[in-house]
Amino acid sequence: MSDQFTFNYVKISSLVFLLFLLNFCKVNADEMLDSASFDKFVAKIEQLKDEDPTEAYYELEKQISHLHTLSIEQQLVFYKLQTELFVDQAQYQQAKEVADKALKLARKLSNPSIVTTELLYARGFSLESLGDFTSARQDYLNGFEVANSLKNQKFVAMGLINLGALDYLMEKFDRALIMFNDALAIANKIKESELLGFINNELGILYDFINQKDKSLIFYQKAKQHYIDAGKHQYVYNTIRNIAQHYSSTEQYENAIETYQELLSDVDKIRNNELIASVYVGLAWAHARKKDKNSEASYQYMRMATKYLEDAEQANIPINHALNQAYLFFELERFQEALIALNRASEHIKRYKNSEQNTVANNAKLDFLYLKGELHYQLKQYKDANEAQNLLIEFVTHLLEQSNVDEVEDLRMRYESQQADLEKQLLEQKESVQALMLSETQRTVENRQWFIVFFGIVALILGWILIKIASGQRKLLHATRTDSLTGVANRRHIIEQVEKAFHTATEQGTPLSLFMVDIDDFKKINDQFGHKVGDQVLARIALIGQALMRETDTFGRYGGEEFIAVLPGVASSQVNTIAERLRKQVAESTWEHNRTATITLSIGVVSLHQGNYTSSQTLLKKADQLLYKAKHQGKDKVFCDE
């Protein structure tokens, strides 16, 4: 009986094992990748890359041991999928290593394939993100040559986009513009949604860089729709982030917060930690700068961003994040934490010596020196503040010495004229905004890198515009000293200048004068001709006022239609003449919206001498009283305190 039981047990066990073995073999046969099932596998991974990158990674990992069964061409496609997956998740070092392996294998092919181009582009982007611009450009050029030899228009356009994006990072804005125009012409011709998404997104970034915000938003919105049409949801998230950052840069903070929150509602689907971090950074700034600011929420959002950037590989992230923290903590009056973040930024800046990343390096140094001076001033460390300000002036002077200001101004005027013409053409030709611009722009920018200088000067005049960049998309931070509409000093900076000038004048016994200006009947201009015309009037008056100032004077917008001029060392006898000259020039000006119209100013003038005013606030208050006295006694007048 025992022997029979043993025999039956062995028999049953053998049968179970055999069934298990057969089932195991069947499962592995089903899962094992081979040449016949490869195309189906690729289609599955392409879909998973966007919908569930983690699952896509898992599926690729399962098949690594079966790669030897595939042809070289199929192995290259496999590696390309791996590389792109790592790039999309901001794992640039791993992406580079896989691409290195694949491109070494590609040398065995008798003729290059378009997959070689894709691998070169993916490795180039990884190198760019890791800060190696020289190697990235070489990969982009090599990939472009392969695509061109194969006459593959889509990847020719992709090469132009990659090279153009690298150009604007190196402040070669004219060259980037030409590259993007060529790419856009190809994209419009072949009408490939993903490609149209790429080029429109990059054009949005370029126009953000050159401070043409309205155009940048148009391109971002187009990019978003093209990505939706292509089913590229991860790219859609990236573009929505760009739109949110655009809202913040144009002070539409509530819109920015709403758009960022839209992204956070899908945070579980976003596989790029750098993108998520930029969302939290954006929320931090929007909450800090909106009308009813929420300082605690702002602080907590910045802390959340830091957690997502612990393993960030993109080369410019550490310096940008440290400066972001420093500026935010400064605005929140957390001065000691701001100083810690600034010291961290100082260490990162050392890595940018002789860097190819001109935009990042120059703006980082400007931001660092400016904030260092302001921070030490707030902490009453006046010696350190003065040293930082001197270094800032020295660095700005160095940048300006590299510029040809007269040529830039001439080109800027031509550029603005061309833009006005293009606005009319946009109504007639919807297919390609940028193609129209190329026909006019290319003749004037050929062999002249004027956009480099133009951007540098605009950035300086507007108060060291701050840049935020992530995953190939780079963006501007807010100006801290200038009014975005008129380009002159903003309210905060004007008040600071009045306080500093008052302090110096009372200590040294030197004269100080200022005058407050109000545009008469400005509301009627807005009501009759619209706010756009009103904005043009404000900008023109700001330009006239600025032209009357010396280097040591400050002319700025105090708010609404009011301006203030601060003139250190100017006595009452002189300031009346300057104020009268401003009033007369504006009254005699011709205005585009109505050539028969006359716009007038009411001006209140005050001068400090022999301790007649006890504080800068009383000086401002008196100027305001005199201004309204001028208004109530007929307008178009200058009233002084003597």
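Each remark here, short or long, concerns the structure printed above.
The sections below set out a description of the structure shown in this document.

What counts, and where the lines are drawn
- Residues numbered from 1 in each chain as written.
- Predicted model: local features only at pLDDT ≥ 70, side-chain atom pairs only at ≥ 80, totals over all residues.
- Heavy atoms only, no water.
- Helix = DSSP H or I, 4+ residues; strand = E, 2+ residues; numbered from the N terminus.
- Buried < 20%, exposed > 50% of the residue type's maximum accessible area, 1.4 Å probe, protein only.
- Contact = heavy atoms within 4.5 Å.
- Areas by Shrake-Rupley, 256 points an atom, 1.4 Å probe, with all protein chains shown as cover.
- Pairing = 2+ DSSP bridges.
- Axes fitted to C-alpha atoms, helices over the stretch in contact; angles between N-to-C directions.
- Core = buried A, V, L, I, M, F, W, Y, C linked by side-chain atoms within 4.5 Å.
- Salt bridge = Lys/Arg side-chain N within 4 Å of Asp/Glu carboxyl O.

1. A look at the overall build of the chain
Thinking step 1. Looking only at helices and strands, one finds 27 helices and seven strands in the chain.
Thinking step 2. Expressed as a percentage of its 642 residues, the buried residues of the chain come to 52%.
Thinking step 3. Sequence separation of at least 24 residues holds for 66% of the intrachain contacts in the chain that already meet a minimum separation of 6.
Thinking step 4. Of the roughly 30,900 Å² of accessible surface on the chain, 51% is carried by carbon and sulfur atoms.

2. Focus on the sheet that holds strand 6 (residues 601-608)
Thinking step 1. Across the sheet, five strands lie side by side as 4-5-3-6-7; this open sheet has mixed pairing. A single partner strand is all that each edge strand has here, and the edge strands are strand 4 (554-559) and strand 7 (638-640). Pairwise comparison of adjacent strand axes, ignoring direction, gives a mean angle of 20° for this sheet.
Thinking step 2. Looking at chain direction, strand 4 and strand 5 (residues 562-568) are connected through five bridges and run antiparallel. Within the sheet, the bridge partner assigned to Gly-556 lies in strand 5 and is Ile-564.
Thinking step 3. Along the sheet face, helix 23 (residues 491-508) touches strand 3 (512-519), strand 4, strand 5 and strand 6 and points at about 130° away from the line of strand 4.
Thinking step 4. Against the sheet, helix 25 (residues 531-547) engages strand 3, strand 4, strand 5 and strand 6, with an angle of about 150° to strand 4.

3. Comments concerning unusual backbone geometry
Thinking step 1. Notably, Lys-191 is not glycine yet its phi reads approximately 55°, a positive angle.
Thinking step 2. Assignment of secondary structure puts Lys-191 in the loop between helix 9 (173-190) and helix 10 (193-209).

4. Quick word on the nonpolar core
Nonpolar side chains in soluble globular proteins generally cluster together in the buried interior.
Thinking step 1. Grouped together as the largest cluster of nonpolar side chains are 126 residues, with contacts concentrated most on Leu-76, Ile-161, Tyr-168 and Ile-199.
Thinking step 2. The element contributing the most residues to this core is helix 8 (residues 153-169), with eleven residues.

5. Observations concerning the pattern of salt bridges
It is possible for side chains bearing opposite charge to pair when their charged atoms get close.
Thinking step 1. This model, assessed by the stated rule, comprises 25 salt bridges.
Thinking step 2. Between Arg-583 and Asp-636 there is a salt bridge, with the nearest N and O atoms lying 2.9 Å from each other. Of this pair, Arg-583 sits in helix 26 (residues 572-587) while Asp-636 sits in the loop between helix 27 (616-632) and strand 7, and the two are 53 residues apart along the sequence.
Thinking step 3. A single network of salt bridges, built from pairs that share partners, joins Glu-46, Lys-49, Lys-80, Glu-84 and Glu-118.

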